[in-house]
Amino acid sequence: MVKYVVKKGDKYYPSDEMKKIAWIKSDSIYKEAKKNPIKFWDNLAKQGLYWEKLWDKTYEEKLPYFEWFKGGKLNASFNCLDRHINIRSMKDAVIFVPESTKEKTQKITYMDLYKKVNRFANVLKSLKVKKGDVVSIYLPLIPELIISMLACARIGAIHSVVFSAFSDEALKTRIKDGKSKVLITSDGYYRKGEKKDLLKKAKSGIKGTKIKKVVVVNRLNKKIKYNNKFVSFEKESKKVEQYCEPEIMNSNDTLFILYTSGTTGNPKGIMHDTGGYLTQAYWSTKWNFNLLEKDVIWCTADIGWITGHTYSCYGPLSLGGTLVLYEGGLDYPNPGRWWKIVDENKVTSFYTAPTAIRMFMRLGEKWVNKYKLDSLKVLGTVGEPIDSDAWNWYFNKIGKGRCPIIDTWWQTETGANMVNALPGVGPFIPGVAGRSFPGIKHEVVNEKGRKSKKGFLVQLSPFAPAMLQGIFRNKKRYRETYWKRFKGKYDTSDGAFYYDKDNIRITGRIDDVIKVAGHRLSTAEMENVLNGDKFVNESAVVGIPDKIRGEVPVAFVVLEKGKASKELEKSLIKLIRSKIGPIAGLNKIYFVEDLPKTRSGKIMRRILRNLLTKESLGGVSTLVNPGCVDVIKEQLV
Ligand code: WT7
């Protein structure tokens, strides 16, 4: 088996074998990019993508807005499909692995995908979708999700994908905010052997919205009553012309919006442009995973999250790569499933979250040892800080000590990976993400915004091409969330410190956002649900450390009426799951008399969390009701 890394001291570096195949072999690229990042990205955009018209200006900045490749024109679906057709028409674009092992793996070539996207783009047109319209997509991990996204991109519609495990309520909020008139969904999907009814949730989610048409993909062969409002994905695709001319878009036209949690109850519609986003999706996929022509990439994230948008769709497809899409549960029918998929499809580049790794650690290595895993070349991790135990297990058991681990820090807002180590450069250090991707600049700063060994992670100008364009229909929130704390610097809301001169270690969120199993949740959103219950007066949700899921949410609830009981706890936990989705499963509820608050009425969640984790509480003198802290403390023992 080829060894791609060597150990030097407590760090790993690329081996000669890795250097031989690496796109980037030395850190001179960082220096070159640093000299003139704008010129650096200008070159990459030209080399990586097909442009109908090149730009007049590479970068323009009027903070809090900035624009890449101004005046440039291109189409994202053309870049992911048409330009590969001559040279890679028979190459697999998507290897779809259905959950049931009785169903066959489906290999979709670039030609197949091209045809399907063209037809579905014409279906969208027939439903009166126009350039600039928002189309909501509520689909499981099946090829039609990718087809729908690319079909939107083809006609210049903005897609807004909503994670299929989100609740009907969550779907409704996102449809309303996006003002979409068309929804693409499916009759359901398979999860752990069961049939899940997605259409039922979709039907309830569109009530009270402006949705006029619902396109339904047939996944479970259910009998659906089609009519003027509900139409069939498959039947409509047969009715239309086979070719759809791609709409020529401006580089700065919005390609998609994707909702993510912030510090208030309402999710934010993060907007990404076409040219800048696609440029960085392309190059980060190529360099991070050292993707070669014959390679196969598998990013296990659902496309309902940004990781899936960039590394299960736009990145690999713009490169003409082959990606694996797996529909189902990670341990179905047994915990060896993922590794079976890796072997069977000769996956070279594998990308997952620390939570999944910790789950497999717990399930035991016997499931891993059944498989060779010798096709693997680069392993990636994302979504939350990875602890050294999980890092070492991933490195030794999955990578067999041969593969570099690329710990990629980024966010929904940044669109693509921003801080990491490149496979041909290294070093690979457990728990340390690394340094800014070439052509991007980060700094760790103190409260005053000055460079500091430990503190807040910020990004500096020129801001990376894949960075968000704004928050959909909310300029004020955009400015206040990212640009208020540090003048002229993008505020990531993550804490970090310098591990050494070059490399950064990320410590995690410093706002009221928590990461549960790598998924981003807003404590405020959960509190809104709790506070809406007739028994609840007020509540505070905090994240506490968890061995598998990284963090889990627990709530402190002050009751309005009724009595604290196991039943009430259960029903409130159920309420949150149904209003947001199963990822928002509360671990526990503490019923308390009062919550610690500042004079301005802000609930001090930090104090509550520290009470649970037994960390020092910090000052309680600013509280209006310091006495309640001791009361809660007694209740916890
Ligand atoms: C937050 C963003 C980026 C795709 C998935 C998450 C945390 C992400 C890492 C990492 C430490 C990480 C941060 C960030 N995070 N990657 N490699 N090491 N923390 O996107 O849902 O927008 O969450 O995830 O806290 O701010 P997201």
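Residues numbered from 1 in each chain as written. Predicted model: local features only at pLDDT ≥ 70, side-chain atom pairs only at ≥ 80, totals over all residues. Heavy atoms only, no water.

With that out of the way, let us pick up the overall build of the protein chain. Counting its secondary structure elements, the protein chain contains 20 helices and 34 strands. Rg of the C-alpha trace for the protein chain: 24 Å, near the compact-globule value of 26 Å for 637 residues, within the 12% margin. The principal-axis extent of the C-alpha atoms belonging to the protein chain is close to 75 × 65 × 55 Å. Looking at the protein chain as a whole, 62% of its 637 residues are labelled buried. Sequence-distant contacts in the protein chain: of pairs separated by 6 or more residues, those separated by 24 or more amount to 70%. Accessible area of the protein chain: about 25900 Å², with a carbon and sulfur share of 49%. (Helix = DSSP H or I, 4+ residues; strand = E, 2+ residues; numbered from the N terminus. Rg over C-alpha atoms; globule rule 2.2 N^0.38 Å. Buried < 20%, exposed > 50% of the residue type's maximum accessible area, 1.4 Å probe, protein only. Contact = heavy atoms within 4.5 Å. Areas by Shrake-Rupley, 256 points an atom, 1.4 Å probe, with all protein chains shown as cover.)

The side-chain alternation of strand S30 (residues 513-516) yields two buried faces, one formed by Val513 and Lys515 and the other by Ile514 and Val516. In the sheet, S30 pairs with strand S31 (residues 519-522) via four bridges, with the strands oriented antiparallel. Bridge pairing in S31 links Lys515 to Arg520. Between S30 and S31, which pair antiparallel and follow one another directly, the connecting turn spans two residues, one of which, Ala517, has a positive phi of 50°. (Pairing = 2+ DSSP bridges.)

The subject of this paragraph is the environment of Asp387. The topology assignment puts Asp387 in the loop between strand S21 (378-382) and helix H15 (388-398). Accessibility expressed as a relative area gives 33% for Asp387, which makes it partly exposed. Considering only alpha carbons, one finds Asp387 and Arg358, 29 residues apart in sequence, at a separation of 9.6 Å. A polar side-chain atom of Asp387 sits 3.2 Å from a polar atom in the side chain of Arg358. (Polar contact = N/O pair within 3.5 Å; in protein donor to acceptor, adjacent residues only side chain to side chain.)

Moving on, we come to the packing of aromatic side chains. Applying the stated rule across the entire model yields 45 aromatic pairs. Consider the rings of Phe289 and Tyr311, whose centres lie 5.9 Å apart with planes at 65°: the pair is edge-to-face. Taken together, the positions of Phe289 in the loop between helix H10 (275-288) and strand S18 (296-299) and Tyr311 in helix H11 (residues 306-318) put the pair 22 residues apart, joining distant regions of the chain. Residue classification places Phe289 among the buried residues on the basis of a relative accessible area of 1%. Three or more aromatic residues link up through ring pairs in this structure, and these residues are Trp51, Trp55, Tyr59, Tyr65, Phe66, Trp68, Phe69, Phe463, Tyr478, Tyr482, Trp483 and Tyr490. Geometry around Phe535 places Lys561 over its ring, the cationic atom sitting 5.8 Å from the centre. Geometry around Tyr590 places Lys588 over its ring, the cationic atom sitting 5.3 Å from the centre. (Phe/Tyr/Trp six-rings, centres within 6.5 Å; stacked < 30°, edge-to-face > 60°. Lys NZ or Arg CZ within 6 Å of the ring centre and 35° of its normal.)

Turning to the sheet that holds strand S33 (residues 550-559), a few remarks are in order. Sheet strands line up and pair through hydrogen bonds in the backbone, either parallel or antiparallel. Across the sheet, three strands lie side by side as S32-S33-S34; this open sheet has mixed pairing. Because the sheet does not close on itself, it has two edges, and the strands there are strand S32 (536-546) and strand S34 (588-592). For this sheet, the mean inter-axis angle between neighbouring strands, taken without regard to orientation, is 25°. Where S32 and S33 come together, 10 bridges link them in antiparallel fashion. Note on S33: the bridge partner recorded for Ser539 is Val557. Contacts between helix H17 (residues 523-531) and the sheet are confined to S32 and S33, with S32 contributing the most and set at about 145° to the helix. (Axes fitted to C-alpha atoms, helices over the stretch in contact; angles between N-to-C directions.)

Let's shift gears to the sheet that holds strand S22 (residues 405-408). If you trace the seven strands from one edge of the open sheet to the other, you get S7-S6-S19-S18-S20-S21-S22, paired in mixed fashion. Edge strands, defined here as strands with exactly one partner in the open sheet, are strand S7 (106-109) and S22. With strand direction ignored, the average angle separating the axes of adjacent strands in the sheet is 20°. With four bridges connecting them, strand S20 (residues 349-352) and S21 associate as parallel partners. Bridge assignment links Phe350 to a residue of S21, and that residue is Leu379.

Among the 17 residues in the neighbourhood of the ligand, the closest are listed as Asp407, Thr412, Asp494, Lys515 and Arg520. Within the side chain of Lys515, a nitrogen or oxygen atom sits 2.6 Å from an oxygen atom of the ligand. Here the ligand, which alone exposes 560 Å², has 97% of that area covered by the protein. Sorting the residues of the shell around the ligand by element identifies H11, S22 and strand S29 (504-509) as the ones contributing at least two each. Looking at the shell around the ligand residue by residue, the classes come out as six nonpolar, five polar and six charged. (Near = heavy atom within 4 Å. Nonpolar A, V, L, I, M, F, W, Y, C, P; charged D, E, K, R; others polar.)

If you check helix H18 (residues 566-579), its first and last C-alpha atoms are 20 Å apart, about what 14 residues at 1.5 Å a residue would give, namely 20 Å. What H18 keeps buried is the set Leu568, Glu569, Leu572, Ile573 and Ile576. Buried residues of H18 fall within an arc of 135° about the axis and therefore sit on the same side. Of the residues in H18, the exposed ones pointing more than 90 degrees away from the buried face are Lys566, Glu567, Lys570 and Lys574. On the buried face of H18, the contacting elements are H17, S32, S33 and S34. (Expected span 1.5 Å × (residues − 1). Arc of directions from axis to C-beta.)

Taken as a whole, the protein chain is organised into domain 1 (5-439 + 454-496) and domain 2 (517-636). The straight-line distance from the C-alpha centre of domain 1 to that of domain 2 is 33 Å. Each partner contributes to the interface: domain 1 provides 25 residues, whereas domain 2 provides 19 residues. When residues of domain 1 are sorted by the area they lose upon contact with domain 2, Ser261, Trp305 and Arg358 head the list and together hold 29% of the total. For the interface between domain 1 and domain 2, the tally reads two salt bridges. For Lys579, the salt bridge is made with Glu169, and the minimal N-O distance between the two is 3.7 Å. Our enumeration of links across domain 1 and domain 2 arrives at 12 residue pairs in polar contact (both at pLDDT 80 or more). (Domains from an automatic or database assignment. Buried area = accessible area lost by both parts, 1.4 Å probe. Salt bridge = Lys/Arg side-chain N within 4 Å of Asp/Glu carboxyl O.)

A few words on helix H13 (residues 354-363). The set of residues buried in H13 consists of Pro354, Thr355, Ala356, Ile357, Arg358 and Phe360. Contacts from the buried residues of H13 go to helix H12 (337-344), S20, S21, H15 and S33.

Moving on, we come to the pattern of salt bridges. Across all of its chains, the model carries 33 salt bridges by this definition. With a closest N to O distance of 3.6 Å, Asp27 and Arg435 form a salt bridge. A residue pair is termed long-range when its members are at least 10 positions apart, and Asp27 in the loop between helix H1 (16-21) and helix H2 (28-35) and Arg435 in strand S24 (residues 435-436) qualify at 408 residues. For Arg435, a relative accessible area of 14% corresponds to the buried category. Residue Glu103 is joined to Arg219 by a salt bridge in which the shortest nitrogen-to-oxygen separation is 3.1 Å.

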